[in-house]
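Residues per chain, in single letters:
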Amino acid sequence: MRAPARRLVALTAAAAALAGPAGASAAERSSVASPAAEPGTAARPLAGLRVLLTNDDSMRAAKASNSDGLGLYELRRALCAAGADVVVMAPWQVRSGAGTAVSNDGVLTLSRRTDLPADHRGDCSGTPSGSPVYGVCLSAGPCGPDSPSATPADTVKLALRAALATKAGWTDGPDLVVTGINSGPNVSAQVNDSGTVGAALAAVEEGVPALAFSTAGDDSGEFFPLADYRAAADFGARLIAGLRARGLPGTEFALKVDYPDVTTAGPAKAARWTRVGHGREVWHAYRPTGADGFAITLGACEHRPGDSCTETVANADATALLRDGHISVTPVTPDRTYGVRTADAQELNRLRHYIEHDAPRP
């Protein structure tokens, strides 16, 4: 759904890493140790990490509302500043709300963007891949202004199964998939609709660790301040560095990270380990427009006691984020079978302990 200065932590040279030696499987890469650190890498804790970056908001970053991909460029900048090698493959058009949808026929075409947003042109200079930015359309010919777009999950599956090898030479990567930063929170019932989360789940299904980031935006619900994206990106790079140092996460689940608005209530509060809530923040309505047409509209929930929007889950993501102003971190899984327990409770407990006790401060 739609919806300050960088501080980077130094890591020990022998930290366990997501990145692994060439030829290692995705499962092996999630638990092998980092190579010995080179001089000057203390300030670049993600050095050697190959990241596929995507979203559901496109790679355009052209709207005045900042709702069409600006968060992707802020996250790309933060990750490259921390030493990561980042390749972007994102939907050609905004595909918010696409969930885990994929395209079943047609041709997916990559279009490299060379005219990056002015404030982001030098963000990733000098990386091994050159950190290209691609938009992915669903078209047999070159992507044009009105070309239909790939879905977020399309971009991940295409990248992992074919495009990263041909365009970046990553025949055994990436080491991590990062999605976002989404324009709007991905919480509660909207998680099932989120293309940002859907892309992360597609990565996990392919055996690659993944994180999905979003930010709440301002009180209007229609504008997404640069300050929110920048704060979320700064935190995200430091969070990934801390996870990398601990050999986390694995590939049993993706991590969903929702960052509060910092422009009205002040700095975000510490990260909180949460669950996906059952309430709603918005709802879809359908207004007749003729004999057979229904206009899709979105309404904001008023959260009156007892109504269908009311959150009933203890420690819910929406409560932590929108009511209490905390960063919300939630494990999500593609397995929707009721009652299934995690295959690795020890890893989940290690991750929860890190978030609750050792995660970077906003």
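All residue numbers refer to positions counted from 1 along the written sequence of the respective chain. For a predicted model such as this one, the threshold for reporting local features is a pLDDT of at least 70, and the threshold for listing and counting side-chain atom pairs is 80 or more; totals across whole chains, interfaces and linings nevertheless cover every residue. To get the side-chain values, all heavy atoms of the structure are used, and hydrogens and water are removed first.

Q: So what's going on with the overall build of the chain? Which residues, and what values?
A: In this description a helix means any DSSP run of H or I spanning at least four residues, a strand means any run of E spanning at least two, and both kinds are numbered starting from the N terminus. Within the chain, the secondary structure is distributed over seven helices and eleven strands. Only protein chains enter the area calculation, which uses a 1.4 Å probe; residues under 20% of their type maximum are buried, those over 50% are exposed, and those in between are partly exposed. With 362 residues in all, the chain has 54% of them scored as buried. Areas reported as accessible are Shrake-Rupley estimates using a 1.4 Å probe. Residue values count occlusion only from the protein chains shown. Here the chain displays about 15,600 Å² of accessible surface, and carbon together with sulfur accounts for 51% of that area.

Q: Please set out the environment of Gly 247 residue by residue, giving values where relevant.
A: Along the chain, Gly 247 turns up in the loop between α5 (226-245) and β7 (254-259). Measuring from C-alpha to C-alpha, the distance between Gly 247 and Glu 347 comes to 9.7 Å, with 100 residues separating the pair along the chain.

Q: Kindly report on helix α2 (residues 70-81), identifying the contributing residues and their values.
A: Expected span of a helix, by definition, is 1.5 Å for each gap between consecutive residues, and there is one gap fewer than residues. With twelve residues, α2 ought to run about 16 Å at 1.5 Å a step, and its terminal C-alpha atoms sit 17 Å apart, in line with that. Within α2, eleven of the twelve residues are buried, which leaves the element mostly enclosed by the surrounding structure. The first or second residue beyond α2 is Gly 83, which carries a positive phi of 105 degrees.

Q: Explain the pattern of salt bridges to me, and be specific about the residues and the numbers.
A: A pairing counts as a salt bridge when a side-chain nitrogen of Lys or Arg comes within 4 Å of a carboxyl oxygen of Asp or Glu. Enumeration over the complete set of coordinates arrives at 13 salt bridges. Of the charged contacts in the structure, one is a salt bridge between Arg 113 and Asp 115, with a shortest N-O distance of 3.6 Å. Two residues, Asp 234 and Arg 238, come together in a salt bridge whose shortest N-O distance is 3.1 Å. A residue pair is termed a helical-turn pair when its members lie 3 or 4 positions apart in one helix, as Asp 234 and Arg 238 do in helix α5 at four residues. Overall, Asp 234 belongs to the buried group, its relative accessible area being 2%. By relative accessible area, Arg 238 is classed as buried at 5%.

Q: Go over the packing of helix α3 (residues 152-168) against helix α4 (residues 195-205), please, and point to the residues and values.
A: Where α3 meets α4, the axes come as close as 7 Å, and the angle between the chain directions of the two elements is 30 degrees. Classified by the angle their axes make, α3 and α4 are roughly parallel. Note that α3 runs across α4; the crossing there is right-handed. Where α3 approaches α4, its residues Pro 152, Ala 153, Val 156, Lys 157 and Leu 160 are matched on the opposing element by Gly 195, Ala 199, Ala 202, Ala 203 and Glu 205. Each residue belonging to the contact of α3 with α4 can be placed in one class, and the counts come to seven nonpolar, one polar and two charged. Only the contacting stretch of a helix is used when fitting its axis, a line to C-alpha atoms as for every element, and angles between N-to-C directions run 0 to 180 degrees. Roughly parallel means an angle under 35 degrees; roughly antiparallel, over 145; roughly perpendicular, 65 to 115; everything else is oblique. In this scheme, a crossing is called left-handed if the near helix is turned counterclockwise away from the far one by less than a right angle; it is called right-handed if the turn is clockwise. The contact definition used throughout considers only heavy atoms, calling two residues in contact when any of these lie within 4.5 Å. As a working rule, the residues Ala, Val, Leu, Ile, Met, Phe, Trp, Tyr, Cys and Pro are called nonpolar, Asp, Glu, Lys and Arg charged, and the rest polar, with Gly in that last group.

Q: Before we move on, can you summarise the pairing of strand β11 (residues 326-332) with the specific residues and values?
A: β11 sits mainly inside the fold: six of its seven residues count as buried. Pairing between β7 and β11: five bridges, direction antiparallel. Residue pairing across strands places Leu 255 opposite Pro 331, the latter belonging to β11. At least two bridges found by DSSP between two strands are what make those strands a pair.

Q: So what's going on with the layout of surface pockets? Residues and values would help.
A: Points on a 1 Å grid over protein atoms alone make up a cavity when a 1.4 Å probe fits among them but cannot get out, and a pocket when they form an open set with protein on both sides within 12 Å along at least five of seven lines; lining residues each have an atom within 4 Å of a point. Grid points are joined across faces, edges and corners, and a volume is the space filled by probe spheres set on the points. A volume near 1,100 Å³ is recorded for the largest pocket. As for the largest pocket, its lining consists of 34 residues, of which Val 276, Pro 331, Val 332, Thr 333 and Asp 335 are closest to the centre. Mapped onto the lining of the largest pocket, the elements with two or more residues apiece are α4, β11 and α7 (345-358). Residue classes in the lining of the largest pocket are distributed as 13 nonpolar, 15 polar and six charged.

Q: How would you summarise the environment of Arg 272 if you had to cite specific residues and measurements?
A: Its place among the elements puts Arg 272 in strand β8 (residues 269-273). Its relative accessible area of 25% is what places Arg 272 among the partly exposed residues. Separated by 45 residues in the primary sequence, Arg 272 and Asp 317 place their C-alpha atoms 8.6 Å from one another. If near-sequence neighbours (up to four positions away) are discounted, Arg 272 is found in contact with Asn 315, Ala 320, Asp 324, His 326, Ile 327, Ser 328, Val 329 and Ile 355.

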